[in-house]
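Below are the chains, spelled out letter by letter.
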Amino acid sequence: MKKTNLLFIALFSVASLAGAVEKLPLIPHLHPSVIQGQLPNGLRYLIKPIAPQAGQASEVELRLLVNSGSLSEAKDERGVAHLIEHMAFRQTESFAKDEIKELYSSNGMRMGNDSNAFTGFENTTYFFKLKRESLDRGLLLMADWANGKIVFAPEELKTERQVVLDEINLRKGDSSAWQQFYSVLIPDAPHLENMPIGFEENVRDLSPERVEALYRKLYQPQKMTLVVAGDVPKNIEQTIKTLFAKAPMGDQASQYPALPLTPKVRSYRGNPPPWPQNAFALSWNFIQQPATDATQVQLQSIAMQAMQQRLQKMATQENQHFSSVEWVDWSGSFVSRERYLTLYAVLNAEALGDGLTQLYREVRRARETGFSDAEVADAIASFALVVKNIPVSNEIWANSLLGSAKLGIPTFYAAEQKAIFDPATITPQAVNAAWQSVVTTPDQIAMILRPKDSSSRKDGDTWHDEKLAAMMAAVDAETLPAQVAQADKPLMSEQPARGQIVQTQTERGVTVWTLSNGAQVLVRTQRQADERIGVNGRFAGGALALPKEWRFVAQILPNYMTQAGVGDLNTAQLMQAIRNEELQLQPMFETARHGFGGSAATRSFEPLMQLIYLSLAKPRSDHAAREKATTQAYQSYWPNGPGFNQNLFGAAWPYRAWGSLSDFAISTEKLDQLRAQLFGNPAQLRMVLTGVADLAQAKDLVERYIGSIPAAQPDAVPLLPSKIEAKQHALSNTLLSERLKESLKTFSFHNQAYTVWSVALEGVAANTQNAFLQEGLNDVIKQRLLTTLREQAGDSYTVNAWGEMSQYFGPTLGLEYSVSREKCGEALVLAAQELRKLSQHSVTDTELKAMHEFMQKGLDNGPKYPYWYAYSQMFHWVYNHDLSWVNPKPEQILTRANVDAAAKSWFVPEKWIVAADACKTLPDLTVLDQTVTAASY
């Protein structure tokens, strides 16, 4: 062990004793609507009351931050803090076994989506959301966690050990990458030897007494902050005082000491786990001591924004290495409270060394000359626009207050904005001084980032600290000219010929317009105040529309369309043109449909529509973008293989296991031709707009930009999907035990960590009713398997259930769960039995009620997620051929009769196939050929 490492360990050890009676400091400059308090035992609480808006459910978000993590574990305890986090969800003194699960289920919550927890180096964080009427129960549960009332029952602990071991097994591949990342990020710190995932032997073998002792050491009230945001009662503060004051202040420091800076500019090359790459990129990272002044943080943010905008303008010029540049604030993400700011640049080509040199050259230029008054004004204006349009939601407020609790100063969202950000008082001198505080920190990292599994071995692999230092010395010796201002290109230089709405249909609260070019647009007005606009555009086609020899294009086109730009704007120029807008738009390419999806703030509605017009009417051809998109498609596709549906449909499935980059070969001209055939006919376009505040404005924009998309050329040949049928009936055996053996020999999933079950539903229509049944029953089987595989096999960390639905290949269902080789066979039997129970006995009354609540919650929360809201509305519109689906009621769709019929038909295990590469040995499967009685369920 290095001497420096010993010093760090000593520092942390002394801190845990020396600061035993210190309380967490209160957070200054919080928004005046936030209630902040602290109990005598040191526990800090932050409450943000938010009344639900019209159409919103009355919900509350809860967070519990514990300033303890893997850094507090002894050598033989590493990984046990994570085990304790898992045990918190099993049983407490106030919640018997399964009662925590019942709390979630009764609120329409699901583990992993609405409730979860994370263990890091210095923090353990819990979060969940629930209905207001369940707030007291939710607070009681968090109080149990905080007051030392987690129950470590031997059998419960035994089961959860296996679940955590399965998680460790799943993450083994990432551990070395994380260690490499942290070895550069915080060299010689104790973090490298205290990774939160820990060691199998500790999780498996540490005695229950030691596990509970570590819990009482880590979970002490002076180390905790409770966050509550949402529709809270007036007596919420008194409830917190009553529930959370029971545990006395402990003997541990309230937080870990800040890490000393590493006084060296150093290099990292690879694919960092926090942000896996699909492109060659660079980043320059600045690390500072924790901030104590929120105003200084905002000045630094404006300075970083000015640097980003300068680099982005450079990227718009010819012969530049960067295609896009952004800055990111990672403070509190990887190195606790330390300030961590990043300049991130995506490269046009794999000239990593040249790009890194250019990036440092611009950092040096800005360090020496600062930013002009015009650059600062532009950065302030961009920042102010973001501030002006900050949305209000329980979840965003809760996460922002959680971030404030971690950092000790308010995040911008949670701050009293006038106290820390007043554009009228910010001077260029103050911003430039803040930039100097960033760019002169001695702790800097130059990162050379390559796509995961990239086989390229160009100059990026030759870079090391010495070569980096030599490059910097050479650049420092250059005479740099002053920065030359660059004029921006507008998104659109002229308006297109306006189209017209030729037909209007209004029904059930939605409006459908048919345009003169044949496109149809469905509009839903805002259901909730401040709802953002969602958009989804769809053409029937997708991979099934492509000729067989070109089906790999489905993997290339989305990236190509993103990187080629639009009109006369390349990607960098496009990003510069919309830099102050709040919008996103991305191409989509699926099995039997393609199109685009996105969202925007109301103020960015017109730029969003302009971007859609340009993407469809004036796509841009670009050879470099085609080459990059081809490489990215290969790198991202090959590790995943063709997916489980290839097992169902065989050679008819449009994706296959391409083996080399040459399999993706296509000319730019051919790619452009296929894009035109797929996206070039507006008469095939259906588009959904949700969250529209002004219907008259939407009508004007739709006519101006969607109606103006020119019709397809008369000789254009449209590409439409072909219908395919599943082949799983080719398995000869109907006896389940034999069918499973045959299936295991026939099919594979290319990943031994998982078992995958799948089925294609013959004769089932693609419509809203069956989509509701599909999603609801998938949730039931997922919840059952989570319980069964954890409680009986004791080995499954994750279970997923999903389904696809299309009139071109029929509805499919899929199940996936993690499993070890040792438990693979046992889990196979248990999963088959659960399928059979569901098919023979359907769902319980409790499960049926939970299905209704789960689906209703999704409907209520749709407007909070505009991208997916518009996507779901598109699905229902396309597959129902009328507007009967507009205001669905789960209890009317998921009736007992409908659910029973679907469960009986869909989940018969003899219809399913299974791929389990980990099942090298099998138990006696003939038990599956026996009749399952209702009593056995």
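Because the structure is predicted, anything quoted here is derived from the model rather than measured.

**Comments concerning the overall build of the protein chain**
(1) Moving on: A count of helices and strands for the protein chain gives 30 helices and 22 strands.
(2) Moving on: Computed over the C-alpha atoms, the radius of gyration of the protein chain is 29 Å, within 12% of the 30 Å expected from 2.2 N^0.38 for a compact globule of 937 residues.
(3) Moving on: Overall size of the protein chain, expressed as C-alpha extent along the three principal axes, is 75 × 70 × 55 Å.
(4) Moving on: Relative to its 937 residues, the protein chain shows a buried fraction of 58%.
(5) Moving on: As presented, the protein chain carries roughly 37,000 Å² of accessible surface, and 52% of it is formed by carbon and sulfur atoms.
(6) Moving on: For the protein chain, the distance from the average position of its 90 positive side-chain charges to the average position of its 99 negative side-chain charges is 1 Å.

**Thoughts on the side chain of R364**
(1) Moving on: Mapped onto the secondary structure, R364 falls in helix α11 (residues 352-369).
(2) Moving on: Accessibility expressed as a relative area gives 6% for R364, which makes it buried.
(3) Moving on: At 2.6 Å, the side chain of R364 and the backbone oxygen of V475 are in polar contact.
(4) Moving on: Discounting residues that sit within four places of it in the chain, R364 has contacts with V475, D476, A477, E478 and L480.

**Focus: the packing of aromatic side chains**
(1) Moving on: Summed over the entire model, instances satisfying the criterion amount to 39 aromatic pairs.
(2) Moving on: Ring pairs connect the aromatic residues F89, Y104, Y126, F128, W145, F152, Y215 and Y219, which therefore count as one cluster.
(3) Moving on: Positioned above the aromatic ring of Y256, the side-chain terminus of K223 is 5.6 Å from the ring centre.

**Overview of the nonpolar core**
(1) Moving on: Residues I556, L557, M609, I612, M687, L689 and I706 are the most contacted members of the largest nonpolar core, which totals 82 residues.
(2) Moving on: Considering each element in turn, this core owes the most residues, eight residues, to helix α19 (residues 605-617).
(3) Moving on: The contacts of L689, once residues within four sequence positions are left out, are V521, L522, V523, R524, I533, G534, V535, F605, M609 and V702.
(4) Moving on: Membership of the second largest hydrophobic core comes to 75 residues, among which are L103, Y126, L135 and F334.

**Quick look at the sheet that holds strand β17 (residues 593-600)**
(1) Moving on: The mixed open sheet is built from seven strands, whose spatial order is β12-β13-β14-β18-β15-β17-β16. Strands at the two margins of the open sheet, each flanked by one partner only, are β12 (501-507) and β16 (583-589). Neighbour-to-neighbour, the strand axes of this sheet turn through a mean angle of 15 degrees, independent of strand direction.
(2) Moving on: Both β16 and β17 contribute to a ladder of seven bridges, which runs antiparallel. What sits directly across from Q586, in β17, is G597.
(3) Moving on: In this fold α19 packs onto β15 (533-540), β16, β17 and β18 (686-692), with an angle of close to 30 degrees to the strand it touches most, β16.
(4) Moving on: Against the sheet, helix α23 (residues 695-706) makes contact with β12, β13 (510-515), β14 (520-525) and β18, and its axis sits at roughly 25 degrees relative to β13, the strand it touches most.

**Topic: the environment of L43**
(1) Moving on: Within the secondary structure layout, L43 lies in the loop between β1 (35-38) and β2 (44-49).
(2) Moving on: Along the chain, L43 and P714 lie 671 residues apart, while their C-alpha atoms are 71 Å from each other.
(3) Moving on: Setting aside chain neighbours within four positions, we find L43 in contact with G37, Q38, A146, P221, Q222, M224, L226 and F244.

**Things to note about the packing of helix α10 (residues 294-315) against α11**
(1) Moving on: In the contact formed by α10 and α11, the axes pass within 11 Å of each other and the chain directions differ by 130 degrees. Classified by the angle their axes make, α10 and α11 are oblique. When you trace α10 past α11, the crossing you get is right-handed. In this structure, α10 uses M307, R310, L311 and M314 to contact α11, whose residues at the interface are Q358, L359, E362, V363, R365, A366 and T369.
(2) Moving on: Considered class by class, the residues forming the contact of α10 with α11 number six nonpolar, two polar and three charged.

**Re the sheet that holds strand β8 (residues 281-288)**
(1) Moving on: The strand order β7-β11-β8-β10-β9 describes an open sheet built from five strands, whose pairing is mixed. Taken across any chain shown, the strands that pair with only one partner, and hence form the sheet edges, are β7 (265-270) and β9 (322-329). This sheet shows a mean twist of 15 degrees between the axes of neighbouring strands, independent of strand direction.
(2) Moving on: By the bridge criterion, seven bridges tie β9 to strand β10 (residues 339-347) in an arrangement that is antiparallel. When the bridges of β10 are listed, V325 appears paired with A345.
(3) Moving on: Sheet strands in contact with α11 are β8, β9, β10 and β11 (443-449), and its direction is about 40 degrees off that of β8.
(4) Moving on: Contacts from helix α16 (residues 465-476) reach β7, β8 and β11, with the element oriented near 120 degrees to β7.

**Things to note about unusual backbone geometry**
(1) Moving on: Although it is not a glycine, D98 adopts a positive phi angle of roughly 80 degrees.
(2) Moving on: In this structure, D98 sits in the loop between α2 (80-87) and α3 (99-106).
(3) Moving on: Positive phi outside glycine occurs at D188, with the angle close to 70 degrees.
(4) Moving on: Take D188: its relative accessible area is 21%, and that puts it in the partly exposed class.

Conventions we followed
Residues numbered from 1 in each chain as written. Predicted model: local features only at pLDDT ≥ 70, side-chain atom pairs only at ≥ 80, totals over all residues. Heavy atoms only, no water. Helix = DSSP H or I, 4+ residues; strand = E, 2+ residues; numbered from the N terminus. Rg over C-alpha atoms; globule rule 2.2 N^0.38 Å. Buried < 20%, exposed > 50% of the residue type's maximum accessible area, 1.4 Å probe, protein only. Areas by Shrake-Rupley, 256 points an atom, 1.4 Å probe, with all protein chains shown as cover. Lys, Arg positive; Asp, Glu negative; His and termini not counted. Charge placed at Lys NZ, Arg CZ, Asp CG, Glu CD. Polar contact = N/O pair within 3.5 Å; in protein donor to acceptor, adjacent residues only side chain to side chain. Contact = heavy atoms within 4.5 Å. Phe/Tyr/Trp six-rings, centres within 6.5 Å; stacked < 30°, edge-to-face > 60°. Lys NZ or Arg CZ within 6 Å of the ring centre and 35° of its normal. Core = buried A, V, L, I, M, F, W, Y, C linked by side-chain atoms within 4.5 Å. Pairing = 2+ DSSP bridges. Axes fitted to C-alpha atoms, helices over the stretch in contact; angles between N-to-C directions. Parallel < 35°, antiparallel > 145°, perpendicular 65-115°, else oblique. Left-handed = near helix turned anticlockwise from the far one by under 90°. Nonpolar A, V, L, I, M, F, W, Y, C, P; charged D, E, K, R; others polar.

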